[in-house]
Amino acid sequence: MTDSFDSFLARLSSQAVLKDGIARGVAIEPYSGAQGDGPETTLDKHILTMGSKRPSRFEIGHGVNHRVSYIKQPGSLSLVPAGAFPLIRAETEFDLVVCALDSTLVSALDSELERRPEGELRLQVNFEDPAAQQLMTLLVADAKETYSTERLYKDYLAHALAVRMLFLGTQTKPQTNNRAASALPKHVLRRIIERMRSFSSDLSLQTLANESGYSRVHFIRMFKAATGYSPHNYLLNLKLDRARELLKIPSMSLIDIALDCGFSSHSHLSRIFRRIVGVTPSAYRRSLRS
């Protein structure tokens with residue numbers, strides 16, 4: 001461990017508003033801390049933490065002479081809203097997954113919701129939420145990948161986590177979306193799909209939402225109502241369909257196919273192709289010859 005927890009939080013918070021973050025407005029990293037560690041300053045980003053690897057003990061102050069100890073199990077979440085200065089100290093060594101969310105992004109997503117959470121975000125420690133846990137696990141796994149995944153995928157996870165945090169932090173019952181969403185108009189959907197076919201790795205959820213004329217939250221729901229897929233899954237299927245077509249050309253190398261389809265490398269294409277199709281691109285090409 002080279003950074004103090006405070007230094008780590010400052011660096012992570014800076015990444016959340018730069019391209020260094022996993023998605024614009026969000027940054028996530030694992031952190032291992034020592035006994036006595038804890039935030040020393042007021043935070044300017046919303047911080048969501050999840051216990052990892054092993055149980056650890058923390059102490060939180062609720063006044064001058066009132067301090068409470070609690071055990072943070074792997075998977076257990078804590079939320080520290082921007083502007084808060086929690087009196088939290090580690091009583092043992094600890095391992096966390098830490099996510100910093102920019103308040104501007106969170107506020108923008110809040111304004112796009114049909115049913116907005118009630119009240120302000122509040123400090124909460126040691127709570128469970130399977131949906132937020134899964135989103136954080138997927139985000140930190142993506143951050144560890146050696147290849148660059150689609151920005152749409154990162155945006156989708158990051159925005160879903162930010163919206164989930166809004167409801168958890170205000171203790172408002174999350175939206176159930178019982179009312180079916182309207183599908184994107186056909187002419188808008190055609191325009192969106194043509195934009196996707198550029199296979200740009202930097203294609204963002206905000207760009208597609210702007211193209212559609214709807215907010216990000218509404219665009220995702222309306223796109224899925226029209227296609228049955230989330231935007232990033234639909235894009236992935238477009239890429240794989242294109243790869244299958246190009247694999248029919250014997251003279252085209254796998255590297256060129258990967259780049260043409262918007263994958264960052266041959267290994268990136270092979271990994272995704274095998275996971276979705278069930279065989280490697282090379283094996284698929286050999287099956288075409290036979």
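Scroll up a little and you will see the structure.
This section reports on the structure supplied with the text. Nothing here was measured: the structure is a model prediction, and the numbers come from that model. (Residues numbered from 1 in each chain as written. Predicted model: local features only at pLDDT ≥ 70, side-chain atom pairs only at ≥ 80, totals over all residues. Heavy atoms only, no water.)

### Quick notes on the overall build of the chain
In step 1: Counting its secondary structure elements, the chain contains eleven helices and eight strands.
In step 2: Viewed in the frame of its principal axes, the chain has a C-alpha envelope of about 75 × 40 × 30 Å.
In step 3: Taking all 290 residues of the chain together, 48% fall into the buried category.
In step 4: Residue pairs at least 24 apart in sequence account for 74% of intrachain contacts in the chain once pairs closer than 6 positions are excluded.
In step 5: For the chain, the exposed area adds up to about 14400 Å²; of that, 50% sits on carbon and sulfur atoms.
In step 6: For the chain, the separation between the mean place of its 37 positive charges and that of its 30 negative charges on side chains is 8 Å. (Helix = DSSP H or I, 4+ residues; strand = E, 2+ residues; numbered from the N terminus. Buried < 20%, exposed > 50% of the residue type's maximum accessible area, 1.4 Å probe, protein only. Contact = heavy atoms within 4.5 Å. Areas by Shrake-Rupley, 256 points an atom, 1.4 Å probe, with all protein chains shown as cover. Lys, Arg positive; Asp, Glu negative; His and termini not counted. Charge placed at Lys NZ, Arg CZ, Asp CG, Glu CD.)

### Some remarks on the packing of helix H5 (residues 186-196) against helix H6 (residues 205-212)
In step 1: H6 packs onto H5 with a crossing angle of 150 degrees between their chain directions and a minimal axis gap of 9 Å. By the angle between their directions, the pair H5 and H6 is classed as roughly antiparallel. Note on packing geometry: the crossing formed by H5 with H6 is right-handed. Taken together, the residues of H6 that come into contact with H5 (itself represented by Val188, Arg191, Ile192, Arg195 and Met196) are Thr207, Leu208, Glu211 and Ser212.
In step 2: Among the residues making up the contact of H5 with H6, the classes are represented as four nonpolar, two polar and three charged. (Axes fitted to C-alpha atoms, helices over the stretch in contact; angles between N-to-C directions. Parallel < 35°, antiparallel > 145°, perpendicular 65-115°, else oblique. Left-handed = near helix turned anticlockwise from the far one by under 90°. Nonpolar A, V, L, I, M, F, W, Y, C, P; charged D, E, K, R; others polar.)

### As for empty space enclosed by the protein
In step 1: Tallied over the full model, the rule gives one cavity of 30 Å³ or more.
In step 2: Lining the largest cavity are 17 residues, and of these Phe5, Thr49, Val80, Ile88 and Leu96 lie nearest its centre.
In step 3: Of all elements in the fold, only helix H1 (5-16), strand E2 (46-51), strand E4 (67-72) and strand E5 (77-80) reach the threshold of two or more residues within the lining of the largest cavity.
In step 4: Among the residues forming the lining of the largest cavity, the class breakdown is twelve nonpolar, three polar and two charged. (1 Å grid on protein atoms, 1.4 Å probe; cavity = no way out; pocket = protein on both sides within 12 Å on 5 of 7 lines; lining within 4 Å. Points joined across faces, edges and corners; volume = space filled by probe spheres on them.)

### Points about the sheet that holds E4
In step 1: Strand order in the open sheet made by the three strands is E4-E3-E6, with antiparallel pairing throughout. This sheet does not close on itself; its edge strands, each paired only once, are E4 and strand E6 (88-90). For this sheet the average axis-to-axis angle between neighbouring strands, irrespective of direction, equals 25 degrees.
In step 2: The pairing of strand E3 (residues 56-61) with E6 spans three bridges and is classified as antiparallel. Pairing of isoleucine 60 across the sheet is with isoleucine 88, part of E6. (Pairing = 2+ DSSP bridges.)

### Notes on the nonpolar core
In step 1: Counting residues in hydrophobic clusters, the biggest one holds 31 residues, and the most contacted among them are Ile28, Leu48, Cys99, Leu101, Met136 and Leu161.
In step 2: Counting only elements with at least two residues in this core, the list comes to strand E1 (26-33), E2, E5, strand E7 (94-101), helix H2 (103-112), helix H3 (130-144) and helix H4 (151-170).
In step 3: Here the element with the most residues in this core is H4; it accounts for nine residues.
In step 4: Setting aside residues no more than four positions away along its own chain, leucine 48 makes contact with Ser78, Leu79, Val97, Val98, Cys99, Leu101, Phe127, Met136 and Leu161.
In step 5: Counting 20 residues, the second largest nonpolar core, distinct from the first, contains Ala27, Phe58, Tyr70 and Ala90. (Core = buried A, V, L, I, M, F, W, Y, C linked by side-chain atoms within 4.5 Å.)

### With respect to the side chain of lysine 45
In step 1: Within the secondary structure, lysine 45 sits in the loop between E1 and E2.
In step 2: When its relative accessible area of 8% is taken as the criterion, lysine 45 is described as buried.
In step 3: In this structure the side chain of lysine 45 is engaged in a polar contact, spanning 3.4 Å, whose partner is the side chain of aspartate 44.
In step 4: The contact partners of lysine 45, leaving out residues within four places of it in the chain, are Ser13, Val17, Val80, Pro81, Ala82, Ala100, Leu101 and Asp102. (Polar contact = N/O pair within 3.5 Å; in protein donor to acceptor, adjacent residues only side chain to side chain.)

### With respect to the packing of aromatic side chains
In step 1: Taken as a whole and judged by the stated rule, the model has eleven aromatic pairs.
In step 2: Measuring from ring centre to ring centre gives 6.0 Å for phenylalanine 58 and tyrosine 70, while their planes differ by 20 degrees; the resulting arrangement is stacked. Taken together, the residues phenylalanine 58 in strand E3 and tyrosine 70 in strand E4 connect sequence positions twelve residues apart.
In step 3: An angle of 50 degrees between the planes, with centres 5.7 Å apart, marks the rings of phenylalanine 219 and phenylalanine 223 as tilted. Taken as a pair, phenylalanine 219 and phenylalanine 223 lie in helix H7 (residues 216-227) at a separation of four residues, close to a single helical turn.
In step 4: Under the relative-accessibility criterion, phenylalanine 219 is labelled buried at 0%.
In step 5: Connected via pairs of aromatic rings, a cluster forms that spans Phe5, Phe8, Tyr31, Phe58, Tyr70 and Phe94. (Phe/Tyr/Trp six-rings, centres within 6.5 Å; stacked < 30°, edge-to-face > 60°.)

### Digging into the pattern of salt bridges
In step 1: This structure, assessed with the given rule, holds 17 salt bridges.
In step 2: Residue arginine 54 pairs with glutamate 93 through a salt bridge whose shortest N-O separation is 3.7 Å. Pair noted here: arginine 54 is in the loop between E2 and E3 and glutamate 93 is in the loop between E6 and E7, with a separation of 39 residues, a long-range link.
In step 3: Judged by its relative accessible area of 33%, arginine 54 falls in the partly exposed class.
In step 4: Using a relative accessible area of 48% as the deciding quantity, one classes glutamate 93 as partly exposed.
In step 5: Between arginine 195 and glutamate 211 there is a salt bridge, with the nearest N and O atoms lying 2.9 Å from each other. Linking arginine 195 in helix H5 with glutamate 211 in helix H6, this pair joins segments that are 16 residues apart in sequence.
In step 6: Overall, the relative accessible area of 24% leaves glutamate 211 in the partly exposed class. (Salt bridge = Lys/Arg side-chain N within 4 Å of Asp/Glu carboxyl O.)

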